[in-house]
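Understanding the architecture of this molecule
In case you want the letters, here they are:
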Amino acid sequence: MSKKPVFAILVQYAVYGLLLAFSVATILVRFKQSMSNISTLKLILDYAIIGILLSLLVMAVGVAFERLRFYRTLALETYQSRAKLQKHLTQRLTIISSIASNAPYIGLLGTVLGSMLTFQTLGQSGNLDVKSIMTGLAFALKATAMGIGVAIPCVFINNFLARQVREKLADFDELHGL
């Protein structure tokens, strides 16, 4: 029996998280049959964006743990080539940096779509109540906050792991007299 790679398990859990987010949104929609179509769309949008962002965060943290485990068990003596070592050290770090750079945009997409839905609701109802406007916009801005909340830890993780790579490469250079 072979063990699954940690990365494959993380991707699997991220997919499960997405499916769970969409399932929860669907269940909530079914319970709220009296809601208008716009309100239903807002609910689905909210849970879908948050589900995607949380899945990306889980994936980034999982990759970070996998990389840290690899760095701790790495035997520099087994490498003859600095390029090969660097390739192995930086493997999957682009996943974390991609999540860090794109999470705010995913949150921003949720905010833009949520704002559009709020204005659509206001246009249909003709009610220019400040309370309904502020509630809708606050609802929409939650997605941006979540995107930033995912991006910041990913930036820290990426910088920490990049530092680990530089240290391992420096140790390799010292070991081989470079």
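See the structure printed just above.
If you're wondering where the values come from, they're calculated on a predicted model, not measured in any experiment.

Details of the packing of helix α3 (residues 82-89) against helix α5 (residues 130-175)
Between α3 and α5, whose axes approach to 10 Å, the crossing angle comes to 160°. Regarding the angle of α3 to α5, the classification is roughly antiparallel. For the pair α3 and α5, the crossing hand works out as right-handed. Seen from α3, the contacting residues are Arg82, Leu85, Gln86 and Leu89; seen from α5, they are Val165, Lys168, Leu169, Phe172 and Asp173. Grouping the constituent residues of the contact of α3 with α5 by class yields five nonpolar, one polar and three charged.

Observations regarding the pattern of salt bridges
By the definition in use, this model includes four salt bridges. Residues Glu66 and Arg67 are paired through a salt bridge, measuring 2.9 Å at the closest nitrogen-oxygen approach. Of the residues examined, Glu66 reaches a relative accessible area of 11% and is grouped as buried. What makes Arg67 buried here is its relative accessible area of 1%. A salt bridge links Arg92 to Glu66, with the nearest nitrogen and oxygen atoms 3.0 Å apart. Within this pair, whereas Arg92 is found in the loop between α3 and α4 (93-125), its partner Glu66 is found in helix α2 (residues 37-73), the two being separated by 26 residues in sequence. Accessibility expressed as a relative area gives 23% for Arg92, which makes it partly exposed.

So, how was this worked out
Residues numbered from 1 in each chain as written. Predicted model: local features only at pLDDT ≥ 70, side-chain atom pairs only at ≥ 80, totals over all residues. Heavy atoms only, no water. Axes fitted to C-alpha atoms, helices over the stretch in contact; angles between N-to-C directions. Helix = DSSP H or I, 4+ residues; strand = E, 2+ residues; numbered from the N terminus. Parallel < 35°, antiparallel > 145°, perpendicular 65-115°, else oblique. Left-handed = near helix turned anticlockwise from the far one by under 90°. Contact = heavy atoms within 4.5 Å. Nonpolar A, V, L, I, M, F, W, Y, C, P; charged D, E, K, R; others polar. Salt bridge = Lys/Arg side-chain N within 4 Å of Asp/Glu carboxyl O. Buried < 20%, exposed > 50% of the residue type's maximum accessible area, 1.4 Å probe, protein only.

Keep in mind these numbers describe shape, not what the thing actually does.
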